[in-house]
Protein chains: 2
Amino acid sequence: MKIGILTIGNELTSGRTQDTNSSFIARQLNIHGWQISVMMSVGDDGEAIKVAIDHELSLSDAVIITGGLGPTADDITTAAIAGAFGLKLYTDESALAHIKDRFDRLHLEWTANNVKQAVFPEGAETIRNPAGMALGFFLRRNGKVIVVMPGVPSEAQKMLPEGVIPVLKREFNEAVVHVESRTVKLFGIPEARVDQMLSDIDFNGLGVSIGFYPNFPEIQIALTARCTAEHEAREKVKRAEEQVTDRLRPYIFAYDQETLEGLVAGLLIEKKLTLALAESCTGGLIADRLTDIPGSSAFFERGVIAYSNRSKTDILGVPQDVIDTFGAVSERVAGLMAEGVRTLGKTDLGMATTGIAGPTGGTEGKPVGTVYVALADGKNIRCRHYAFRWDRRRIKSISSQVALMMLKKYLTGEREDG
Amino acid sequence: MKIGILTIGNELTSGRTQDTNSSFIARQLNIHGWQISVMMSVGDDGEAIKVAIDHELSLSDAVIITGGLGPTADDITTAAIAGAFGLKLYTDESALAHIKDRFDRLHLEWTANNVKQAVFPEGAETIRNPAGMALGFFLRRNGKVIVVMPGVPSEAQKMLPEGVIPVLKREFNEAVVHVESRTVKLFGIPEARVDQMLSDIDFNGLGVSIGFYPNFPEIQIALTARCTAEHEAREKVKRAEEQVTDRLRPYIFAYDQETLEGLVAGLLIEKKLTLALAESCTGGLIADRLTDIPGSSAFFERGVIAYSNRSKTDILGVPQDVIDTFGAVSERVAGLMAEGVRTLGKTDLGMATTGIAGPTGGTEGKPVGTVYVALADGKNIRCRHYAFRWDRRRIKSISSQVALMMLKKYLTGEREDG
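In this text, all values refer to a predicted model and were calculated from it rather than measured experimentally.

A.B. asks: Provide a residue-level description of the packing of helix α3 (residues 46-59) of chain A against helix α4 (residues 77-84) of chain A, including the pertinent values.
C.D. replies: Residue and element names in this part refer to chain A. Across the interface, α3 lies against α4 with an axial gap of 9 Å and an inter-helix angle of 60°. Taken together, the axes of α3 and α4 are oblique relative to one another. The handedness of the crossing between α3 and α4 comes out as right-handed. Contact residues: α3 offers G46, I49, K50 and I53, while α4 offers T77, A80, I81 and A84. By residue class, the composition of the contact of α3 with α4 is five nonpolar, two polar and one charged.

Spelled out as structure tokens, the structure:
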């Protein structure tokens, strides 16, 4: 089955917004064994939308459209589609009631233009939006299917697997192909080196496709097999994963939907250990990541963002003369900050970062990107030095990553130098 | 002049690689006052490429194509284009000499398939590649122009301004069109309400196009005018901006590339005021945002992420009996946290958040999304209560936004209830 993708919005054709929906949709459809005939983007223009849909339908069994379903004047997708097929528009009363109810529950002020989000071309069937207001819908035309989703990526990314793919499977009565996919998450190795280390694996021979997705500071590898028999697909992916793991073990930290902060949080909760943080160069980012995890208050006692030297001395107890002698960005100070915040919070573990995030503040001996990360457990203090490059935000990001990696390795008993 | 963009590659239609060339090219062309007719992506497939080019040419004066110019077997763009127009291929000897010379200089091993990069359709004129091996080229067909560039983003991004835009200007002898654009950033108002409040403005009459771009928790409005005279475009955008500002003034917090944290940081530095933060429900996110701004150490003294009750009492000095009486999530505790961290940090300002980010921990009186934000300046403590919805991450995000908004209004002397 061939599927076309059409994304709609002036923000795309003006280059203001990077279209991320097309590539997300293509990836998901590929996983289900469907091919992409063509991907197109046009502006919020009725005639351009009509011409694009005609072209896509001439090449495809189904077309997936995103964007232009909101309440504002430039949201014209529904009207354009109705126009393209000569269909009248109708207001779906149950959809309208649903939207009004949502407004009530969220205490939002109702404005008349929101009615637009309950208007559909006749013959359309609605698709529930698991993450927002605007419903999706689909239409059948001459044995083909046109699906329309909102353009907001977080909404499209939920509606596609939950609402759209089931519709496509049902409408085309597809022979069930089982798709097994496994994502391996790596940190601490460049993409080109990953490619090189895997170059001798015969993925075709294993019946598995491989994709690389760098997502700073991580690299994700996706292994996918498509088979009629579920166990066969699973077996193929498992064999490929074993070979990948063989070569890249020290760099693998998570699989599939797991996140580094989620794993660390899970380990701390499981081991009933508490944590306090003393962040300097990461500026609260480690705490922000850990507190994104529901239930983090079970292990996270407090954080101190010790930006000034005085904050390092007066609450963390780092002696002023140590700062004077070694500098605030030093192994010694990082260790004392970790132990200091551990004592202050009466926690099992204390973790600290200190470094130079830039763009200024670097010296010859300690250039921008110099970072120390320390972990104290009451018996020992381990500390590592890093020399990063990149810009301020990425130095913060990768510093929070190495800190969480150090915690994870401590909690699982892995060797720290891995 | 209307221009179509076509990107070619199986890595795009499989979703493995995000197409960044299209949006880069669109942005550059828009700046030159040219409109994008359509953006398309197809795989490395001769027939699909031909069909896409035909479609693009039917809608455009020129088509810009990237991808598939490399030496490997799946690089078929040149041959597909020659096939589409019934043109023979020829080897350009000077291009071949140039490529061989480059191999010599870089000490690369010459392989026969590299000859492919010196092969062009008859009638093509080559375009120098400032950043790589494969040359670009362009063809004239029936008064239209087809331009072909390599797909490697770093190469396309150099060749477009240096080689392609000059070709388009020359071939179409274009009158220079000036494009003026202004982005207005709003917070605290739903998108539908923005639309409604602007509905009586005649943007067409003003010669300005308007776009809405929600970017949680902000909404961005882009006003754009295209005119031959620069001052005319600027004048039109200015008049539209005045009318927008008239209606939405209380919700506007920034323009163009400005960020809320950047503005707050700039104001604190300008006024030589220092800040300490006591974050509970935002978990370090306010500090993370402020420390993303270079130079933030000038005003940011420290932050305390007071996740446990004990951390609220022992370093911020919130009395235990106040927590017992009012609860940790209360106006009283937020105010004492703000004043407590201000005293601790000896700063001019202290800011605090306390709330329930969920998904659990809510009660009937204080449901998930209950958030208090407080600001202390040594004389007064201002505190606001919010009742948010959404998920944990978005509650953290919008809480950090309202806190930074409160700071900004305090620093600019705007009324807090705006």
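Once the structure has been displayed, the description carries forward.
A.B. asks: So what about the domain arrangement of chain A? Which residues, and what values?
C.D. replies: When the parts of a complex come together, some accessible area is lost, and that lost area is often taken as the interface size. Residue and element names in this part refer to chain A. Taken domain by domain, chain A comprises domain 1 (2-172), domain 2 (178-255) and domain 3 (260-412). Each of domain 2 and domain 3 has a C-alpha centre, and these two points are 32 Å apart. Contacts between the two partners involve seven residues from domain 2, matched on the other side by eleven residues from domain 3. When the two sides are added together, the surface that domain 2 and domain 3 hide from each other amounts to roughly 770 Å², 72% of it contributed by carbon and sulfur. Summed over the three residues of domain 2 that lose the most area to domain 3, namely F187, F216 and F253, the buried surface amounts to 73% of that side. In this structure, the connection of domain 2 to domain 3 is made through zero salt bridges.

A.B. asks: Can you tell me about the sheet that holds strand β11 (residues 218-227) of chain A, naming the residues and giving the values?
C.D. replies: One key point about sheets: their strands pair by backbone hydrogen bonds, in either a parallel or an antiparallel sense. Residues and elements named next belong to chain A. With antiparallel pairing, the four strands of this open sheet are ordered in space as β10-β11-β9-β12. Looking along the sheet, the strands with just one partner apiece sit at the ends: β10 (209-215) and β12 (252-255). Neighbouring strand axes in the sheet, compared pairwise and without regard to direction, differ in orientation by 25° on average. In terms of strand pairing, strand β9 (residues 178-187) meets β12 through three bridges, oriented antiparallel.

A.B. asks: So what's going on with the interface of chain B and chain A? Residues and values would help.
C.D. replies: Opposite the 68 residues of chain B that make contact, chain A presents 73 residues. Buried area between chain B and chain A, summed over both chains or domains, comes out near 5600 Å², and the portion from carbon and sulfur atoms is 51%. The interface formed by chain B and chain A includes 13 salt bridges. Here D288 of chain B and K396 of chain A are joined by a salt bridge, their closest N and O atoms 2.8 Å apart. Summed over the shared surface of chain B and chain A, the result is 39 residue pairs in polar contact (both at pLDDT 80 or more). For the side of chain B that touches chain A, the element with the most residues is strand β2 (residues 35-42) of chain B, which contributes seven residues. For the side of chain B that touches chain A, the residue count by class is 25 nonpolar, 25 polar and 18 charged. Across three bridges, the pairing between strand β14 (residues 300-305) of chain A and strand β14 (residues 300-305) of chain B is antiparallel. Across the sheet, G303 of chain A pairs through a bridge with I305 of chain B, a residue of β14 of chain B.

A.B. asks: So what's going on with α4 of chain A? Which residues, and what values?
C.D. replies: Because an α-helix packs 3.6 residues into every turn, residues spaced three or four apart end up facing the same way. Of all eight residues in α4 of chain A, six are buried; the element is thus mostly enclosed. The first or second residue beyond α4 of chain A is G86 of chain A, which carries a positive phi of 65°.

A.B. asks: Please set out the pairing of strand β1 (residues 2-8) of chain A residue by residue, giving values where relevant.
C.D. replies: Two faces make up the sheet, and in a regular strand the side chains alternate between them. Residue and element names in this part refer to chain A. The buried fraction of β1 amounts to six of the seven residues, a majority that puts the element mostly inside the structure. Alignment of β1 against strand β2 (residues 35-42), held across six bridges, turns out to be parallel. Along β2, the bridge assignment pairs L6 with M40. Relative to strand β3 (residues 62-66), β1 runs parallel, the two sharing five bridges. The residue bridging I5 from the neighbouring strand is I64, located in β3.

Rules used throughout
- Residues numbered from 1 in each chain as written.
- Chains lettered and ligands numbered in written order.
- Predicted model: local features only at pLDDT ≥ 70, side-chain atom pairs only at ≥ 80, totals over all residues.
- Heavy atoms only, no water.
- Axes fitted to C-alpha atoms, helices over the stretch in contact; angles between N-to-C directions.
- Helix = DSSP H or I, 4+ residues; strand = E, 2+ residues; numbered from the N terminus.
- Parallel < 35°, antiparallel > 145°, perpendicular 65-115°, else oblique.
- Left-handed = near helix turned anticlockwise from the far one by under 90°.
- Contact = heavy atoms within 4.5 Å.
- Nonpolar A, V, L, I, M, F, W, Y, C, P; charged D, E, K, R; others polar.
- Domains from an automatic or database assignment.
- Buried area = accessible area lost by both parts, 1.4 Å probe.
- Salt bridge = Lys/Arg side-chain N within 4 Å of Asp/Glu carboxyl O.
- Pairing = 2+ DSSP bridges.
- Polar contact = N/O pair within 3.5 Å; in protein donor to acceptor, adjacent residues only side chain to side chain.
- Buried < 20%, exposed > 50% of the residue type's maximum accessible area, 1.4 Å probe, protein only.

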